[in-house]
Amino acid sequence: MKITVAEALIKALEFEGVEVMFGHPGGAILPAYDPLYDSPIRHILARHEQGAGHMAEGYAQATGKVGVVIATSGPGATNLVTPLANAYMDSVPIVAITGQVPTHAIGNDAFQEAHTWGISMPATKHNYLVTDPADIPDVIHEAFHLAGSGRPGPVLVDLPKNILNTEIEWHQPTGKVDLPGYKPNTKGHPLQIRAAVDLILAAERPVLYAGGGIVAAGAHAELLALAEKANLPVTTTLMARGAFPDHHPLSLGMPGMHGLYAAITAIQKSDLLIAIGARFDDRVTGDPAAFAPHAKVIHADIDPSEIGKVRTPDVPIVGDARTVLGQLIGKLDRTLDGAPAPDHAGWLETIREWQRDKVVHYQQDPAGPIKPQFVVEELYRITGGQAIVVAGVGQHQMWASQLWKYTKPRTWINSGGLGTMGYAIPAAIGAKVGMPDELVYAIDGDGCFQMTMQELTTASTEGVPVKIAVLNNNNLGMVRQWQRLFYNERFSATELTNHTPDYVKLAEAMGCVGLRAEHPSEVGPVIEKSLTINDQPVISEFRVDPDEMVFPMVPAGGSNDDVAMSLEDLK
Amino acid sequence: MTLHVLSVLVEDKPGVLARVSSMFARRGFNIHSLAVGPSAEPGNSTMTVVVDAAEIEQVVKQLRKLINTIKITELDPAESVEREVMLVRVAADASLRGELLDAASVFKAKAVDVGATSVTFEMVGTPSKVNDFLELIRPYGLIDVVKSGWIALARDSKTRNLRAIS
């Protein structure tokens, strides 16, 4: 039976098990929207393609499945560049389908033409411009395989309109992929595993540095098992929050620029750093030359190019985090042969002292103003921590990461590598679509909120009851913090004017419920009220102190030996 | 300048050259020369990429990360055959022609076009020989130079495969 490529595309997506797509139609992609009308695949109509892309990411981060976004040619595709770049940085598996002008018009500056293939190339793991109609079932299968396997990432498939309209003979994808150059190595080399275990057993001050690869590989149980078996304190990067339970005695919390003092300092004083699925990002290392200066390094990653990129390891291991951790546990068991592993009692006690002495602190005056940290802590207390937390980028993101005790992977979703403001609203919508039975609570800033707030309409009209807490300090808080610290308090272009927009009215205008807290005593009741409304999205505005700053802090490019716990430490 | 010669087997797919050159540009790696053509197996191409880099490991890893890259071999100059083709037009009236032709014969360069005011030579040789000839004739006045970029093949069973560390 002959069907069009557009019909084949939808069939191929159904074959991949796609249950939902986030998108926005337009001229060149119209042929694909026609068969979508009859498909069981749910389509979420975003109000901007960037929003659709972040929704696909939020969906992927919450569920572990490949997220799908669909957009038209030209501006539709260029609006996807930010989500693609974001997904590439944070290794989020998404497949983007874009329409393209007909093949005979490509290169002629046709209406809504953009060189999508070229523009998206450096922002994707791989991309396709389909020119042979017969390729479509296999290209879609390859795209999903590439997005979800190895180091996950975004894959884009660009489909010219005339190709979409061409009739082909449908064939089910065989499930085989023809990618001779793509064979991710998942199993660590036995000699390196042995060398790693030798270092682990010899170490006196080890630190396990867990990155987003733990979450991507579903390796949290193995991480916990190794840490407990070898008595290794664990630090979880911004992309790995939730990969190790924060309430565990071996948990150090987040490292890096705004990490916890004990995590940063334990790394600095360590004699062995075991990095699994982490990439020595500059927000973790500060000055790389001064980072963990006494430590030998074991570095395991599925992406060989991450190994040695920033820090030359003593033991490099290419492999999947879960497989490698399993190998390390097995080798450790065989080597110990029933003997106890070193208990590192002194080292762990030193760490506990840092944890006792150097805590993240703020003072909530009962008379106000509301401290943003207080809102995060109240949210944690009232929800019992039982929520998927989604953040944008800036101060609110750091507080949401520092002050929440994460216990499960995929309960913390944010834009880590690219630092995409406006991520929270669409990503929360995507997460809620993927996990409808979970409470999805976005913790957002007012600057971020205003970048993607049109998606509130998407949430209300598509019936996606997310909850969003806006920590409204009327400022671009993190930029303001840097201006205060490094630019002589010259607050250039960081004030967002006095309480505009009106968030309550805005929420109502967008089909959501709007709540507001202006006084500390109103914070708890507003949160509690928000939890009682489950048939509509709820926006809760908290008018918070604009002068509050994020600490601890290691100034950009500085040494992690110099952790400022407060403003006084920076003077 | 530290040059490394990489022989890169890639799938012959549209845009593969753009993927390679874009990656070099994005990562700030310097390409000294790049030559590409069909390889022995149909459907594949071989690129000879000469990279100016003190440290080649990250370049190789990033190249390998491209989905269409099948295999990368670093060629040791002592254990491979390296060639470059050059066409060079040099200013020469009749009085200088003989002198130039003599120099060319030493380098096994061939005159392929002779005009009233210039001579064009074709030369195939190792990149350093080609360069030596170019420097020799430069004082006469170069009008145009084109080079193919390096191409190279490992000598029999002297191939050193660069494997990703594991």
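Residues numbered from 1 in each chain as written. Chains lettered and ligands numbered in written order. Predicted model: local features only at pLDDT ≥ 70, side-chain atom pairs only at ≥ 80, totals over all residues. Heavy atoms only, no water.

1. Some details on the overall build of chain B
Counting secondary structure elements, chain B contains four helices and ten strands. Helices and strands in chain B line up, N terminus first, as β-α-β-β-α-β-β-α-β-β-α-β-β-β. Along the first, second and third principal axes, the C-alpha atoms of chain B reach 65 × 35 × 30 Å. A total of 166 residues make up chain B; the buried ones form 40% of that total. Within chain B, contacts between residues at least 6 apart in sequence are counted, and of these 75% link residues at least 24 apart. Of the roughly 8,600 Å² of accessible surface on chain B, a fraction of 53% belongs to carbon and sulfur atoms. Averaging the locations of the 20 positively and 20 negatively charged side chains of chain B gives two centres separated by 7 Å. (Helix = DSSP H or I, 4+ residues; strand = E, 2+ residues; numbered from the N terminus. Buried < 20%, exposed > 50% of the residue type's maximum accessible area, 1.4 Å probe, protein only. Contact = heavy atoms within 4.5 Å. Areas by Shrake-Rupley, 256 points an atom, 1.4 Å probe, with all protein chains shown as cover. Lys, Arg positive; Asp, Glu negative; His and termini not counted. Charge placed at Lys NZ, Arg CZ, Asp CG, Glu CD.)

2. A look at the interface of chain B and chain A
Each partner contributes to the interface: chain B provides 19 residues, whereas chain A provides 25 residues. Together chain B and chain A conceal approximately 1,800 Å² of surface at their shared face, both sides included; 58% is due to carbon and sulfur atoms. In this structure, the salt-bridge partner of B:Lys65 is A:Asp303, at a minimum N-O distance of 2.7 Å. Put simply, the parts of the chain that give the side of chain B that touches chain A at least two residues each are helix H1 (16-27), helix H2 (57-65) and strand S4 (69-75) of chain B. Counting residues per element, the side of chain B that touches chain A draws most heavily on H2(B), which supplies five residues. Split by residue class, the side of chain B that touches chain A holds six nonpolar, seven polar and six charged. (Buried area = accessible area lost by both parts, 1.4 Å probe. Salt bridge = Lys/Arg side-chain N within 4 Å of Asp/Glu carboxyl O. Nonpolar A, V, L, I, M, F, W, Y, C, P; charged D, E, K, R; others polar.)

3. As for the sheet that holds strand S9 (residues 206-210) of chain A
Residue and element names in this part refer to chain A. If you walk across this open sheet you meet the six strands as S11-S10-S9-S12-S13-S14, and the pairing is parallel. Strands with a single pairing partner mark the edges of an open sheet, and in this sheet they are strand S11 (251-253) and strand S14 (315-318). Direction aside, neighbouring strands of the sheet carry axes that sit 20° apart on average. As judged from the four bridges shared by strand S13 (residues 296-301) and S14, these two strands associate in the parallel manner. Bridge assignment links Ile298 to a residue of S14, and that residue is Val315. On the sheet, helix H12 (residues 261-269) packs against S9, strand S10 (234-236), S11 and strand S12 (272-276) and is oriented at approximately 105° with respect to S11. (Pairing = 2+ DSSP bridges. Axes fitted to C-alpha atoms, helices over the stretch in contact; angles between N-to-C directions.)

4. Digging into the domain arrangement of chain B
Looking at chain B, the domain boundaries give domain 1 (3-75) and domain 2 (82-149). Domain 1 of chain B and domain 2 of chain B are separated by 30 Å when their C-alpha centres are compared. (Domains from an automatic or database assignment.)

5. Digging into the nonpolar core
All names here are of chain A. Counting 62 residues, the largest nonpolar core has Ile214, Leu223, Leu273, Ile276, Ile298 and Leu328 as the members making the most contacts within it. Ranked by residue count, the leading element in this core is helix H14 (residues 321-336), at seven residues. The residues touching Leu273, leaving out its near neighbours within four places in the chain, are Val207, Tyr209, Ile267, Phe280, Phe291, Ala292, Ala295, Lys296, Val297 and Ile298. Among the nonpolar cores identified, the runner-up in size contains 48 residues, and Val69, Ile388, Leu456 and Ala459 belong to it. (Core = buried A, V, L, I, M, F, W, Y, C linked by side-chain atoms within 4.5 Å.)

6. Describing the packing of aromatic side chains
Think of a pair of aromatic rings as described by two things: how far the centres are apart, and how the planes are tilted against each other in angle. Residue and element names in this part refer to chain A. Tallied over the full model, the rule gives twelve aromatic pairs over all chains. Ring plane angle 65° and centroid distance 5.2 Å describe the contact between Phe449 and Tyr503, whose orientation is recorded as edge-to-face. Residue Phe449 is found in helix H19 (residues 446-452), and its partner Tyr503 is found in helix H22 (residues 503-509); the two are separated by 54 residues along the sequence. Overall, Phe449 belongs to the buried group, its relative accessible area being 1%. For Tyr503, a relative accessible area of 2% translates into the label buried. (Phe/Tyr/Trp six-rings, centres within 6.5 Å; stacked < 30°, edge-to-face > 60°.)

7. A look at a nonpolar patch on the surface
A contiguous nonpolar patch, built from B:Leu87, B:Val112 and B:Val146 and spanning about 230 Å² of accessible area, is present on the exposed surface. Within the element layout of this structure, B:Leu87 appears in strand S5 (residues 80-91). (Patch = residues over 30% accessible without salt bridge, like charges linked within 9 Å, V, L, I, M, F, W, Y side chains within 5 Å.)

8. Regarding H2(B)
Residues B:Gln58, B:Val59, B:Val60, B:Lys61, B:Gln62 and B:Leu63 constitute the buried set of H2(B). In the core, the buried residues of H2(B) are packed alongside strand S1 (3-11), H1, strand S3 (44-52) and S4 of chain B.

9. Focus on the pattern of salt bridges
Side chains bearing opposite charge may pair, as long as their charged atoms lie close to each other. Residues and elements named next belong to chain A. What the rule picks out here adds up to 26 salt bridges over all chains. Here Glu222 makes a salt bridge to Arg322, at a shortest N to O gap of 3.1 Å. Of this pair, Glu222 sits in helix H11 (residues 220-230) while Arg322 sits in helix H14, and the two are 100 residues apart along the sequence. Glu306 serves as the salt-bridge partner of Lys309, at 3.1 Å between the closest nitrogen and oxygen. Looking at Lys309, the relative accessible area reads 32%, which means it is partly exposed. Looking at Glu306, the relative accessible area reads 6%, which means it is buried.

10. Observations regarding unusual backbone geometry
Residues and elements named next belong to chain A. Pro501 follows Thr500 through a cis peptide bond whose omega is 0°. Considering the arrangement of structural elements, one finds Pro501 in the loop between helix H21 (477-486) and H22. The omega torsion across Phe551 and Pro552 is 0°, close enough to zero to call that bond cis. Turning to its location among the elements, Pro552 is positioned in the loop between strand S20 (538-543) and helix H24 (567-570). One non-glycine residue, Asp109, lies in positive phi territory at about 55°. Within the secondary structure, Asp109 is located in the loop between strand S5 (94-100) and helix H6 (116-120). Here Ala292, not a glycine, exhibits a phi torsion of approximately 40°, which is positive.

11. As for the packing of helix H3 (residues 49-63) of chain A against helix H5 (residues 81-89) of chain A
The angle between the axes and the distance between the axes are what describe a pair of packed helices. Residues and elements named next belong to chain A. Two numbers describe how H3 lies on H5: the axes approach to 7 Å, and their chain directions differ by 25°. Taken together, the axis directions place H3 and H5 in an arrangement best described as roughly parallel. Of the residues in H5, those in contact with Glu49, Gln50, Gly53, His54 and Glu57 of H3 are Thr82, Pro83, Asn86 and Ala87. Here the residues of the contact of H3 with H5 sort into two nonpolar, five polar and two charged. (Parallel < 35°, antiparallel > 145°, perpendicular 65-115°, else oblique.)

12. Some points on the sheet that holds strand S16 (residues 412-413) of chain A
All names here are of chain A. Across the sheet, six strands lie side by side as S16-S15-S17-S18-S20-S19; this open sheet has parallel pairing. Every interior strand has two partners, whereas the edge strands, S16 and strand S19 (513-517), have only one. With two bridges connecting them, strand S15 (residues 388-391) and S16 associate as parallel partners. Bridge pairing in S16 places Val389 opposite Trp412. Sitting on the sheet, helix H16 (residues 372-383) touches strand S17 (440-445), strand S18 (467-472) and S20, and the angle it makes with S18 is about 160°. Along the sheet face, helix H17 (residues 395-403) touches S15, S16, S17 and S18 and points at about 135° away from the line of S17.

13. Regarding the pairing of S15(A)
When a strand is regular, its side chains alternate between the sheet's two faces. Residues and elements named next belong to chain A. Across the two faces of S15 the burial is the same, with Ile388 and Val390 and Val389 and Ala391 all buried. As paired elements, S15 and S17 share four bridges and run parallel to each other. Each residue of the ladder has a partner; that of Val389, found in S17, is Tyr441. Where the polypeptide runs from S15 across H17 and back to S16, its parallel neighbour, the crossover connection is right-handed. (Right-handed = clockwise from strand over helix to strand, strands pointing away.)

14. Let's talk about H3(A)
All names here are of chain A. With 15 residues, H3 should reach 21 Å at 1.5 Å per residue; the first-to-last C-alpha distance of 21 Å fits that figure. Counting buried positions along H3 yields 15 of 15 residues, so the element is predominantly enclosed. Backbone geometry just downstream of H3 places Gly64 in the positive-phi region, at approximately 85°. (Expected span 1.5 Å × (residues − 1).)

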